[in-house]
Amino acid sequence: PVYALSDGEFIALDAGANSVYALSNTGKVLTWGDNTYGQLGNGTSGDGAGIKQPTLSAGNQFNVTNTVPIEFSVGQTAYVRYADGSVRVTGRNDQGQIGNNSSGAPQTNAILLKAGQSNANTPDANMDSVVGIAAAKEGAFAAAAKSDGSLYTWGENPSGQLGDGTLIGRKM
């Protein structure tokens, strides 16, 4: 083992796809590791864009003033869940896993997760009341549970992992 941080106390941690997210007891999100898809949320992406030591995201993108981060799920796309039930997301988006009802280029800055096509009653509304979030560590899909008991899945679906009875990928 290597001692990565010498000051502060850390209360949450997740890693995936060679990237790491850590939450300090002061509510700050630090990220480091691979950033090929912009999953560190620092406004950059690509080979060689990784960060070799724990760093606050550029502009403190995950450290918003009206709520505090409480959970991460990190892969090639990274999701940060907050105490108010909102989720911010950054990283790979070739299968629609960012949740902005599109697919294509990576999202290198953190944005709010949207409900998109998965909820026809509130298209493009912010995904709120989220009580759990899970990102594929190497794949391109994710799932979110809401406080009303509903479950949302989106992204690639070659093995039926979205649970909708198809092999069709879905944008969120």
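This text gives an overview of the structure that appears in the document.

Conventions used here
- Residues numbered from 1 in each chain as written.
- Predicted model: local features only at pLDDT ≥ 70, side-chain atom pairs only at ≥ 80, totals over all residues.
- Heavy atoms only, no water.
- Helix = DSSP H or I, 4+ residues; strand = E, 2+ residues; numbered from the N terminus.
- Contact = heavy atoms within 4.5 Å.
- Phe/Tyr/Trp six-rings, centres within 6.5 Å; stacked < 30°, edge-to-face > 60°.
- Buried < 20%, exposed > 50% of the residue type's maximum accessible area, 1.4 Å probe, protein only.
- Lys NZ or Arg CZ within 6 Å of the ring centre and 35° of its normal.
- Salt bridge = Lys/Arg side-chain N within 4 Å of Asp/Glu carboxyl O.

### What about the environment of Leu167?
On the secondary structure map, Leu167 appears in the segment after β11 (151-155). In sequence terms Leu167 and Asn157 are ten residues apart; their C-alpha atoms lie 5.1 Å from each other. Those residues within four positions of Leu167 in sequence are excluded, and the remaining contacts are Asn157, Pro158, Ser159 and Gly160.

### Remarks on the packing of aromatic side chains
In this structure the tally under the stated criterion is two aromatic pairs. Ring geometry for Tyr79 against Trp154: centres 6.1 Å apart, planes inclined by 75 degrees, an arrangement best described as edge-to-face. Taken together, the positions of Tyr79 in strand β6 (residues 77-82) and Trp154 in strand β11 put the pair 75 residues apart, joining distant regions of the chain. Across the pair, exposure class does not vary: Tyr79 and Trp154 are buried alike. Here Arg92 stacks its cationic end above the ring of Tyr37, 5.5 Å away from the centre of that ring.

### Details of the pattern of salt bridges
Charged atoms that come close allow side chains of opposite charge to pair. Overall, the coordinates contain five salt bridges when judged by the stated rule. Residue Lys137 pairs with Asp14 through a salt bridge whose shortest N-O separation is 2.7 Å. With Lys137 in the loop between β9 (130-135) and β10 (141-146) and Asp14 in strand β1 (residues 10-16), the pair connects residues that are 123 residues apart, well separated along the chain. Judged by its relative accessible area of 33%, Lys137 falls in the partly exposed class. Across the pair Asp164 and Arg170 runs a salt bridge, and its minimum N-O distance is 2.9 Å. Under the relative-accessibility criterion, Asp164 is labelled partly exposed at 34%.

### Quick notes on unusual backbone geometry
At Ala17, a position not held by glycine, the phi torsion is positive, near 50 degrees. The phi angle at Asn101 is positive, at roughly 60 degrees, despite the residue not being glycine. The residue Asn101 is located in the loop between β7 (87-93) and β8 (104-112) in this model. Owing to a relative accessible area of 34%, Asn101 belongs among the partly exposed residues under this scheme.

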